[in-house]
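Given next are the chains, with one letter for each unit.
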Amino acid sequence: MEKTAPLTMKDIAREFGVSVATVSRALKDSPRISEERRKAIQAYAREHNFYPNALGEALRYSRVMPQKVIGVIVPELTHYYFSSILTGIVEAAAARGFNVMVALSDEKYEREARICENFHRSKVSGVIVSQAKDTRNYDHYQKLIDAGIPIVFYDRICTGVNASRVVVDDYMGAYNAVTHLIEAGCGRIAFYGSPMQLEISKNRYNGYKDALLKHGIAVDESIVRICDNRSDAEAITPEMLALDHRPDGFFAVNDDTAIGILYTVKKTGLKVPEDIQICGFTNGQRAIACDPMLTTVEQRGRLVGEEAAEILMDKVEGLSPMEKVEKRVVRTRLIIRGTTR
């Protein structure tokens with residue numbers, strides 16, 4: 001016997017000739033929808049056993065019983081930036097009576113897809129997510145959206161899904177950092193970045209490249225590497241320092257990578273910032289715990305988390321249309337410390 005695909009909000013919207021947002025509001029018993037239409041949509045949903053999120057109980061007992069739980073997917077928890085974003089989400093959610101359910105993807109697509117499935121089964125109100133590094137298939141995100149569960153991306157956004165997102169200005173952050181290195185006397189600057197399928201990597205690389213070209217410096221791909229953690233930085237940097245025309249500056253995609261460069265440079269006997277200048281990207285606690293303290297781009301993770309949570313909660317509570325896609329950019333700022341002149 002052929003299995004029937006589960007009913008989605010899109011199906012109900014198509015049946016009544018209305019938007020998904022209208023269906024969502026009707027199922028939440030919103031007074032913004034006429035009583036006649038609300039009852040018709042709710043009856044249709046009951047007949048087809050469609051109870052999204054916590055709305056099954058609301059329909060059965062004819063009253064709204066919102067669950068108000070936000071599912072958050074974090075690629076890793078040891079990274080200061082992600083933990084600061086999570087703090088912003090939790091604080092913003094608590095202020096509006098929402099709880100937060102956190103899951104770790106551990107940078108794995110398969111795990112991320114399972115988490116989305118579990119969030120769907122757990123009837124979360126919405127999901128805030130930063131995609132794993134190896135995620136290239138986005139069906140698990142689309143399934144949530146089709147089921148009427150809003151998604152907001154942060155940091156690593158998914159361009160393959162039409163959903164709201166909150167990011168920092170990666171391009172200008174990188175552009176300003178590399179410009180500072182050039183103005184501090186660097187003429188050959190290496191770039192250590194994340195895999196290029198990630199939008200943040202593309203944007204930071206483009207900022208790096210454009211800053212070089214703006215100052216008449218050719219881009220040398222031989223000193224551009226995929227390297228976004230301390231251990232890889234410690235493994236790769238000795239090769240860079242052994243080049244006949246070695247870099248005199250390094251721009252790294254995050255602070256941990258920059259600190260790996262710093263450790264390796266000092267280990268070889270070179271001086272920072274006299275011989276080599278280094279700039280990171282995060283401005284976490286480790287940036288001021290190293291010697292010399294790290295020049296870095298501040299990402300303002302807590303604000304990113306707050307913005308992402310506010311967008312999502314507005315959708316859940318009907319204050320913003322479910323189908324409206326919001327794109328917010330949080331400005332970065334360069335923090336100059338001891339690893340640059």
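Treat the numbers as computed from the prediction; the structure is a model and nothing was measured. (Residues numbered from 1 in each chain as written. Predicted model: local features only at pLDDT ≥ 70, side-chain atom pairs only at ≥ 80, totals over all residues. Heavy atoms only, no water.)

### Regarding the sheet that holds strand 11 (residues 327-330)
Right, so step 1: Taking strand neighbours across the sheet as the criterion, the 6 strands line up as 2-1-3-4-5-11 in an open arrangement whose pairing is parallel. With partners counted over all chains shown, the strands left at the sheet margins are strand 2 (99-104) and strand 11, one partner each. Direction aside, the axes of adjacent strands within the sheet are offset by 15° on average.
Right, so step 2: Set on the sheet, helix 12 (residues 301-316) makes contact with strand 1 (69-74), strand 3 (126-129), strand 4 (151-154), strand 5 (164-168) and strand 11; between it and strand 5 the angle comes to about 170°. (Pairing = 2+ DSSP bridges. Helix = DSSP H or I, 4+ residues; strand = E, 2+ residues; numbered from the N terminus. Axes fitted to C-alpha atoms, helices over the stretch in contact; angles between N-to-C directions. Contact = heavy atoms within 4.5 Å.)

### Observations regarding the environment of T339
Right, so step 1: Along the chain, the position of T339 falls in the segment after strand 12 (333-335).
Right, so step 2: Taking relative accessible area as the criterion, T339 reaches 0% and is therefore assigned buried.
Right, so step 3: Separated by 81 residues in sequence, T339 and A258 place their C-alpha atoms 9.8 Å apart.
Right, so step 4: Ignoring sequence-local partners within four residues, the contact set of T339 consists of L262, V272, P273, I276, Q277, I278, P292, M293, L294 and T295. (Buried < 20%, exposed > 50% of the residue type's maximum accessible area, 1.4 Å probe, protein only.)

### Remarks on the pattern of salt bridges
Right, so step 1: By the definition in use, this model includes 22 salt bridges.
Right, so step 2: Among the salt bridges present, the one from R14 reaches D11, with a minimum N-O distance of 3.1 Å. Of this pair, R14 and D11 both sit in helix 1 (residues 9-16), 3 residues apart, which is roughly one turn of the helix.
Right, so step 3: Exposure remark for D11: the relative accessible area of 26% places this residue in the partly exposed category. (Salt bridge = Lys/Arg side-chain N within 4 Å of Asp/Glu carboxyl O.)

### What about unusual backbone geometry?
Right, so step 1: Looking along the chain, the bond that leaves V272 and enters P273 is cis, with omega of 10°.
Right, so step 2: With respect to the helices and strands, the residue P273 is situated in the loop between helix 11 (255-267) and strand 9 (277-282).
Right, so step 3: Although it is not a glycine, D155 adopts a positive phi angle of roughly 60°.
Right, so step 4: Relative to the helices and strands, D155 resides in the loop between strand 4 and strand 5.
Right, so step 5: One non-glycine residue with positive phi stands out, namely N283, at about 70°.
Right, so step 6: Structurally, the position occupied by N283 is in the loop between strand 9 and strand 10 (295-298).

### Observations concerning the packing of aromatic side chains
The geometry of an aromatic ring pair is captured by the separation of the ring centres together with the interplanar angle, meaning the angle of the planes.
Right, so step 1: This structure, assessed with the given rule, holds 12 aromatic pairs.
Right, so step 2: When the ring of Y192 is compared with that of F250, the centres are 5.6 Å apart and the planes differ by 80°; the resulting orientation is edge-to-face. One end of the pair, Y192, is in strand 6 (residues 189-193); the other, F250, is in strand 8 (residues 249-252), and 58 residues separate them in sequence. Here Y192 and F250 have matching classes, each one buried.
Right, so step 3: A centroid spacing of 6.2 Å and a plane angle of 65° characterise the contact between F251 and F281, whose relative ring orientation is edge-to-face. Within this pair, whereas F251 is found in strand 8, its partner F281 is found in strand 9, the two being separated by 30 residues in sequence.
Right, so step 4: An aromatic cluster is defined as three or more aromatic residues linked by ring pairs; in this entry it consists of F191, Y205, Y208, F251 and F281.
Right, so step 5: Taking NZ or CZ as reference, R230 lies 5.2 Å from the ring centre of Y263, over its face. (Phe/Tyr/Trp six-rings, centres within 6.5 Å; stacked < 30°, edge-to-face > 60°. Lys NZ or Arg CZ within 6 Å of the ring centre and 35° of its normal.)

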